[in-house]
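# Architecture and fold: a report
Chain by chain, the residues run as shown.
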There are 2 protein chains.
Amino acid sequence: MQTCKQQSHAERSANGRAPRSWITFSFLHSGVAMSPKITGELLRQLRQAMRNCKYFSEPLQAYIVPSGDAHQSEYIAPCDCRREFICGFNGSAGTAIVTEQHAAMWTDGRYFLQASQQMDNNWTLMKMGLKETPSQEDWLISVLPENSKVGVDPWIIAADQWKNMSKALSGAGHSLVAVQDNLIDAVWMDRPERPSTQLRALGLDYTGKSKADKITTLRAKMTERKITWFVATALDEIAWLFNLRGADIEYNPVFFAYAIVGMNTIRLFVDLKRLSDPALRDHLQLDSPSKPELSIQTFPYESVYTELQAICAAQGPKDKVWICDKASCALTQVIPKAHRSAIPYTPLCLAKAVKNATEIQGMKMAHIKDAVALCELFAWLEKEIPKGNVTEISAADKAEELRSQQKDFVGLSFPTISSVGPNGAIIHYRPLPETNRTLSLNEVYLIDSGAQYVDGTTDVTRTMHFGTPSAFEKECFTYVLKGHIAVSAAVFPNGTKGHLLDSFARAALWDSGLDYLHGTGHGVGCFLNVHEGPCGISYKTFADEPLEAGMIVSDEPGYYEDGSFGIRIENVVLVIPTKPKYNYRNRGSLTFEPLTLVPIQVKMMSTELLTQKERDWVNEYHRKCREVVGAELERQGRKDALEWLIRETQLIA
Amino acid sequence: MQTCKQQSHAERSANGRAPRSWITFSFLHSGVAMSPKITGELLRQLRQAMRNCKYFSEPLQAYIVPSGDAHQSEYIAPCDCRREFICGFNGSAGTAIVTEQHAAMWTDGRYFLQASQQMDNNWTLMKMGLKETPSQEDWLISVLPENSKVGVDPWIIAADQWKNMSKALSGAGHSLVAVQDNLIDAVWMDRPERPSTQLRALGLDYTGKSKADKITTLRAKMTERKITWFVATALDEIAWLFNLRGADIEYNPVFFAYAIVGMNTIRLFVDLKRLSDPALRDHLQLDSPSKPELSIQTFPYESVYTELQAICAAQGPKDKVWICDKASCALTQVIPKAHRSAIPYTPLCLAKAVKNATEIQGMKMAHIKDAVALCELFAWLEKEIPKGNVTEISAADKAEELRSQQKDFVGLSFPTISSVGPNGAIIHYRPLPETNRTLSLNEVYLIDSGAQYVDGTTDVTRTMHFGTPSAFEKECFTYVLKGHIAVSAAVFPNGTKGHLLDSFARAALWDSGLDYLHGTGHGVGCFLNVHEGPCGISYKTFADEPLEAGMIVSDEPGYYEDGSFGIRIENVVLVIPTKPKYNYRNRGSLTFEPLTLVPIQVKMMSTELLTQKERDWVNEYHRKCREVVGAELERQGRKDALEWLIRETQLIA
């Protein structure tokens, strides 16, 4: 899926830091309502709450409403859409600040139009990235009376964001204060419940590693770094550690929880009602733990704060607690500074990124099934488009329907980007009734889609023309393809960070004066979030961890001609060892193996622009698609799709 | 010149930060003495000084001796070689710390052997980069008695280094204290004088921009950022600003000075004896300034501290002082925190990096003269090597002699790296009598050399074989050449940072499992330091500024086969605008033009490994060498060199 690093960059400058998922997907998490929300009464109630000493000992002169949830998730549940509730704007990125006199909302260039349509006159839109737009800190300082209190919910602001904002405000004589009760929740009468979906236990045949082994590995890392406690707050890390999945957040098979792991104890904080299923209790060995140090103590989700407090109060003078520096300010500050060890990537994040043999096998299976669905889709589109009845939305629906027919399908891994012609040039596009275009023989079609299967997560983009593409469209497609191949076929030393490969994806475009304004790839989870750290391929990220065999990332260069068409070619690829002719300093070398096996449309290629090596790569890739996916199509008796696959994988010369 | 980023990386971790020149050249700044210095008596005297309350109000339990000078220069003058004086080790990187009981010296992998040979048993060698080696802070904390005072000269420790060290020590109950008199100087009886060489004024025909214009541009930047004072501490920035050159530091045409620029005043701090020459006084308009705000007030070098103090004392509440975050702790701390604006790159550093038309023309001329000298050298080597009398040292001397015959020659820009066979694999090699090898028909010869001319600075590396290279040597050379061409011919959007091009230089090597452990390029001054920021091409630097037309950098990939040979191909290249087929978002595109015009030895190429594009690049490059340098060789009547040039620039097919 397209990663929109450009925008995430903008978000970064707005809120001081990146969201937990270091790759930001710019999705519209619900349909875009185009009439403004009426907010006068809501603001009045919020301001009343700000003055109410029930919530804070003194009146607040300002209140900050960030976008995130208490886990700094990239996607959030409806109950956490507080910024949307207060101002009406439902884009993925934005921070609202309300003072006695003003209400302002900061968002980035993607959302200027949408935000201006969704917010009423009570709100000032702060257009981030424009020179004249003040930062949140500068704006607050310019409008606040002396010695003001600025409130924020410490659970939904990350520790380092808090630090920056607090420093700026206190430098100007104000103070940032933690308000334990969320003031939006106080005025949000019909706020949805926090989801508590059924949990799914995953066996070794899916995970390849038991939770006991994962805990043991974690504890070994803790011992190595002299850490006595580890606090897990990222939902995907907790799901991975316990080999559990949920469905609390759309597209992300996670569940609301915290975990605290000591050298002899494991505490899981989760809605306890979820743990009544005997199979689940059995999976977690809640009633008969194998060894005492592997027994899991369960606590209500909300009690993590007091429990962590109790743990910290009982600490020895040398005890250290590991917590991600992206964790909430509330939990981070429970740990006394002298005992706190804040790290950018937790050991779980790092371990999760390197897939084991079972996970790799599962990801391969998931991608074959996914390819079956897409071959079927494209064969269907070829037949249906000439009839003039296929739209962006119906094509996306068809893709979902076909995926849902595959074994172990759970749901989509993100909202399908299905875009025709000029809509394809809107990188974060998602079809809506008011923008929905009909697929035709005259325009380029771009579909970026993926699914969650129990054995793996997929994410693939193909750009097709069902008529005759223009010379320019073909030329651009070919440059993008050259970039895709340059990354996919790159050989590089062990220890290389992904961002060093980003320029390979651009060289052919650059040579012709073209470029794309997003990163080239993101980490992909295994039946987990489609975006995960700590690896990726982007010129904007220097904090990525080195690529290692077993990591899985996307390779998705593109080109976008505003008002005309969009091109992106995306495969999910696995980092594998390779043995070139030499082995300098015994470092070993790596390359990528495509997991995605969907033909890349030859009709869109100007093959004369490809080198022999690139043509060989295309032929070998298509040979593999035909062999592997062909066998599965045959097995499933999908004749039309098989015929399409064979036609689309002819050798190019 | 080779940049040894690997080592500079190590240095960084040692002293907390990079030296001012963000590219570190690992040179041995004097011949390596291989017997240890006897330091017992010196250490006794130093410890006596540490206890002497004449220097600090309380006894010091430890004293830190960093490598640098008060300007955080990359190369330093003999009077600043304090760390060498106290421990005997004269490598370019190292920090000595002396306590009552211990004496320890931290250096990196390049210098383990040398340092162990140069230091006596009073010293413990701290091998940086090894896991078991403690950091300076950790070591101090482990050996110091409670509540210790650790002294350091605040002039030779940078502000941020001070901050880090101070924080670590105070966290453990100790304190870092500034000792105004340098304690090494107190015990260094025959310490050389600070150099005060004759200053050279450069006219507009060399600089292209008057000092008045440079001051005006600087003040415009200050106004833009609401800055009232700018403190210049980097020697090359001061030389550039005043269009003056000196010879205080070997290879660097700079002079010891500070400058403080206000909106109406310019203060220059320099040994006033240097300003007696009427021509110089005229250049600086000391006696008859054109406009009052451009009049230069001169002060003794040492008075910068008190003068800056006076300025700060007279500041308004909103006044802001710009100072580089790499400036000394002493000067930085004079400026009250509320008035201080510490920046990674000063406006002078940024302006100096973009060469104007006159400077570019000068650099081109300097490179033509330099090429003449090198063509002559190589023609001479071809004849002389078979006689068996040419050594690394005599070849380097010959190169210097030939350069010195060129107009406006001033001196070398760095110590020549002249290396045969296995010595070539030592990246920071410099020939010494005890390592000096004879050039032969059987080994690869690598020469990395450059000069200062009044019109420009050069830096070029060529790797040659005067007999028959092995297939492996040719193969490696060809990969390095492919990398060199990939960078030199790269087209990239305006605004691209140099580090994004680094992987282009490595792709061909990586494909075969090879690599080199240094950066690919550094900024080059114009009759200034051969290494300058803020641009460069290295995977290790993310803080580089975007490349702009007019910037000049080196392009120098390499390959080093330990114990056997070294290969490096280095040109200095100019960033120029280019117009590819398209112009995405009107950003414009850039590429490089080689300024270095010395043939690249065809004999070392496996031309069958080159693509047609690469062969075309070589032929076009050689055509230009022949045309431009050939004309100058002809003019200078250097027939042998011309013949050699014509032979070495034959077309390849």
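A quick note: this is a predicted structure, and the numbers were derived from the prediction, not measured.

### Points about the overall build of chain A
From N to C terminus, chain A includes 20 helices and 28 strands. Principal-axis analysis of the C-alpha atoms gives chain A an extent of 75 × 60 × 50 Å. Of the contacts formed within chain A by residues at least 6 apart in sequence, a portion of 72% connects residues at least 24 apart. Of the charged side chains in chain A, 70 are positive and 76 negative, and the gap between their average positions amounts to 5 Å.

### Structural notes on the domain arrangement of chain A
Residues and elements named next belong to chain A. Domain annotation for chain A reports domain 1 (39-187), domain 2 (200-351) and domain 3 (357-648). Centre-to-centre, using C-alpha coordinates, domain 1 lies 38 Å away from domain 3. Between domain 1 and domain 3, the contact holds four residues from the first and six residues from the second. A combined buried area of about 330 Å² lies between domain 1 and domain 3, and 52% of that area is made up of carbon and sulfur atoms. Among the residues of domain 1 in contact with domain 3, E74, Y75 and R110 are the three that bury the most area, contributing 90% of the side total. In this assembly, domain 1 and domain 3 are joined by zero salt bridges.

### Here's the deal with the UniProt feature "domain: Creatinase N-terminal" (unreviewed entry) in chain A
When the UniProt feature table is mapped onto this chain numbering, "domain: Creatinase N-terminal" (unreviewed entry) sits at residues 60-180 of chain A. The distance from the first to the last C-alpha atom of residues 60-180 of chain A is 13 Å, and the span holds 28% helix and 21% strand.

### Notes on the sheet that holds strand β1 (residues 62-65) of chain A
Strands in a sheet are paired, the pairing made by backbone hydrogen bonds, and the direction either parallel or antiparallel. All names here are of chain A. Reading across from one edge, β4-β3-β2-β1-β5-β6 is the order of the six strands in this open sheet, with mixed pairing throughout. Edge positions in the sheet fall to β4 (124-127) and β6 (175-178), since each has one partner strand and no second. The sheet shows a mean angle of 25° between the axes of neighbouring strands, taken without regard to direction. Here β1 runs beside strand β5 (residues 149-152); their pairing, made up of three bridges, is parallel. The partner of Y63 across the bridge, within β5, is G151.

### Observations regarding the pattern of salt bridges
Residues and elements named next belong to chain A. Scanning the entire structure with this criterion turns up 76 salt bridges over all chains. A salt bridge links D248 to R274, with the nearest nitrogen and oxygen atoms 2.6 Å apart. Placement of D248 in the loop between β9 (244-245) and β10 (258-262) and of R274 in the loop between β11 (266-269) and α11 (278-283) is noted, with a sequence separation of 26 residues between them. Residue D248 shares its accessibility class with R274, and that shared class is buried.

### A short note on the environment of A486 of chain B
As for its placement among the helices and strands, A486 of chain B is situated in helix α17 (residues 471-488). Separated by 128 residues in sequence, A486 of chain B and E614 of chain B place their C-alpha atoms 8.5 Å apart.

### Re the interface of chain B and chain A
Note on interface size: it is often stated as the accessible area lost on association of the parts. The interface is formed by 33 residues belonging to chain B together with 33 residues belonging to chain A. Taking both partners together, chain B and chain A bury about 3,000 Å²; carbon and sulfur atoms supply 60% of that area. When the area that chain B buries against chain A is broken down by residue, the three leading residues are W510, Y582 and Y584 of chain B, summing to 24%. Summed over the shared surface of chain B and chain A, the result is six salt bridges. With its nearest N and O atoms 2.5 Å apart, the salt bridge here joins D515 of chain A to R587 of chain B. Between the two partners, chain B and chain A, sit 13 residue pairs in polar contact (both at pLDDT 80 or more). At the level of elements, α17, β21 (492-493), α18 (502-511) and β25 (558-561) of chain B are the ones that each hand at least two residues to the side of chain B that touches chain A. The element contributing the most residues to the side of chain B that touches chain A is α18 of chain B, with five residues. Split into classes, the residues belonging to the side of chain B that touches chain A amount to 18 nonpolar, seven polar and eight charged.

### A closer look at unusual backbone geometry
Backbone torsion omega between G533 of chain A and P534 of chain A reads 0°, so that peptide bond is classified as cis. Here P534 of chain A is to be found in strand β23 (residues 532-537). Positive phi values are uncommon outside glycine, yet N586 of chain A reaches one of about 55°. Topologically, N586 of chain A is positioned in the loop between β27 (571-578) and β28 (589-594). Positive phi, close to 60°, is recorded for K226 of chain B, a residue that is not glycine. Summarising the element assignment, K226 of chain B is placed in the loop between α9 (211-224) and β8 (229-232).

### Focus on the nonpolar core
Buried together is how nonpolar side chains tend to be arranged in soluble globular proteins. By size, the foremost hydrophobic cluster in this structure holds 150 residues, and its most contacted members are F378, L381 and F592 of chain A together with F378, L381 and F592 of chain B. When neighbours within four sequence positions are excluded, L381 of chain B is seen to be in contact with P386, V390, A395, L439, Y445 and F466 of chain B.

### Thoughts on the sheet that holds strand β17 (residues 444-449) of chain A
All names here are of chain A. Taken in spatial order, the three strands make up an open sheet running β16-β17-β20, and their pairing is antiparallel. Of all the strands in the sheet, the pair left with one neighbour each is β16 (417-420) and β20 (460-465). The sheet shows a mean angle of 10° between the axes of neighbouring strands, taken without regard to direction. Across the sheet, helix α16 (residues 392-404) is in contact with β16, β17 and β20; its angle to β16 comes to roughly 145°.

### Section: the relation of the copies chain B and chain A
Once chain B is rotated about the relating axis by 180° and shifted along it by 0.1 Å, it coincides with chain A to within an RMSD of 0.1 Å. This pairing of chains is accounted for by a two-fold axis. An overlap of 100% is found between the interface residues of chain B and their copies at the interface of chain A, pointing to a shared contact surface.

### Section: the side chain of K352 of chain A
All names here are of chain A. With respect to the element layout, K352 can be found in helix α14 (residues 347-353). By relative accessible area, K352 is classed as buried at 3%. In terms of polar contacts, K352 uses its side chain to reach the side chain of E532, at 3.0 Å.

### Side note on the environment of Q48 of chain A
Along the chain, Q48 of chain A falls in helix α2 (residues 40-51). Distance in space between the C-alpha atoms of Q48 of chain A and V270 of chain A is 33 Å, their sequence separation being 222 residues.

### Description of the packing of α9 of chain B against helix α10 (residues 235-242) of chain B
Each pair of packed helices gets described by two things: the angle between the helix axes and the distance between those axes. Residues and elements named next belong to chain B. The geometry of α9 relative to α10 is characterised by a closest axis approach of 7 Å and an angle of 120° between their N-to-C directions. Viewed along their axes, α9 and α10 adopt a mutual orientation that is oblique. Touching K211, K214 and I215 of α9 are W240, L241 and F242, all from α10. Looking at the contact of α9 with α10 residue by residue, the class counts come to four nonpolar, no polar and two charged.

### Concerning α18 of chain B
Most of α18 of chain B sits inside the fold, with eight of its ten residues counted as buried. Every buried residue of α18 of chain B is listed here: D502, S503, F504, A505, R506, A508, L509 and W510 of chain B. Where α18 of chain B is buried, its residues touch β21 (492-493) and α18 (502-511) of chain A together with α17, β23 (532-537) and β25 of chain B. G513 of chain B lies just past α18 of chain B and shows a positive phi near 80°.

### A few points about the pairing of strand β11 (residues 266-269) of chain B
Residues and elements named next belong to chain B. Every second residue of β11 is oriented toward a common face, with I266 and L268 on one face and R267 and F269 on the other, all of them buried. The pairing of β11 with strand β12 (residues 296-299) spans four bridges and is parallel. Its bridge partner being in β12, I266 is matched across the sheet by I296.

### Thoughts on a positive patch on the surface
Taken together, the side chains of K163, K167 and K337 of chain A together with K163, K167 and K337 of chain B define a basic patch exposed on the protein surface. Among the elements of the structure, α6 (159-171) of chain A together with α6 (159-171) of chain B are those that each provide at least two residues to the positive patch. Positionally, K337 of chain A belongs in the loop between α13 (329-334) and β14 (340-343).

### Section: the packing of aromatic side chains
Within the structure shown, the criterion is met by 39 aromatic pairs over all chains. Judged by centre distance (5.8 Å) and plane angle (70°), the rings of F472 of chain A and F565 of chain A are edge-to-face. Remark: F565 of chain A occurs in strand β26 (residues 565-568) and F472 of chain A occurs in helix α17 (residues 471-488); sequence separation between them is 93 residues. Judged by its relative accessible area of 23%, F472 of chain A falls in the partly exposed class. Joined through ring pairs, the aromatic side chains of W155, F256, Y258, Y301 and Y305 of chain A make up one cluster. One residue, R506 of chain A, lies across the ring of Y516 of chain A, its end atom 3.9 Å from the ring centre. Residue placement shows R194 of chain B over the ring face of F256 of chain B; its charged tip is 4.5 Å from the ring centre.

Calculation criteria
Residues numbered from 1 in each chain as written. Chains lettered and ligands numbered in written order. Predicted model: local features only at pLDDT ≥ 70, side-chain atom pairs only at ≥ 80, totals over all residues. Heavy atoms only, no water. Helix = DSSP H or I, 4+ residues; strand = E, 2+ residues; numbered from the N terminus. Contact = heavy atoms within 4.5 Å. Lys, Arg positive; Asp, Glu negative; His and termini not counted. Charge placed at Lys NZ, Arg CZ, Asp CG, Glu CD. Domains from an automatic or database assignment. Buried area = accessible area lost by both parts, 1.4 Å probe. Salt bridge = Lys/Arg side-chain N within 4 Å of Asp/Glu carboxyl O. UniProt positions renumbered as here; feature names shortened; annotations may be inferred. Pairing = 2+ DSSP bridges. Axes fitted to C-alpha atoms, helices over the stretch in contact; angles between N-to-C directions. Buried < 20%, exposed > 50% of the residue type's maximum accessible area, 1.4 Å probe, protein only. Polar contact = N/O pair within 3.5 Å; in protein donor to acceptor, adjacent residues only side chain to side chain. Nonpolar A, V, L, I, M, F, W, Y, C, P; charged D, E, K, R; others polar. Core = buried A, V, L, I, M, F, W, Y, C linked by side-chain atoms within 4.5 Å. Least-squares fit on C-alpha atoms with pLDDT ≥ 70 in both. Parallel < 35°, antiparallel > 145°, perpendicular 65-115°, else oblique. Patch = residues over 30% accessible without salt bridge, like charges linked within 9 Å, V, L, I, M, F, W, Y side chains within 5 Å. Areas by Shrake-Rupley, 256 points an atom, 1.4 Å probe, with all protein chains shown as cover. Phe/Tyr/Trp six-rings, centres within 6.5 Å; stacked < 30°, edge-to-face > 60°. Lys NZ or Arg CZ within 6 Å of the ring centre and 35° of its normal.

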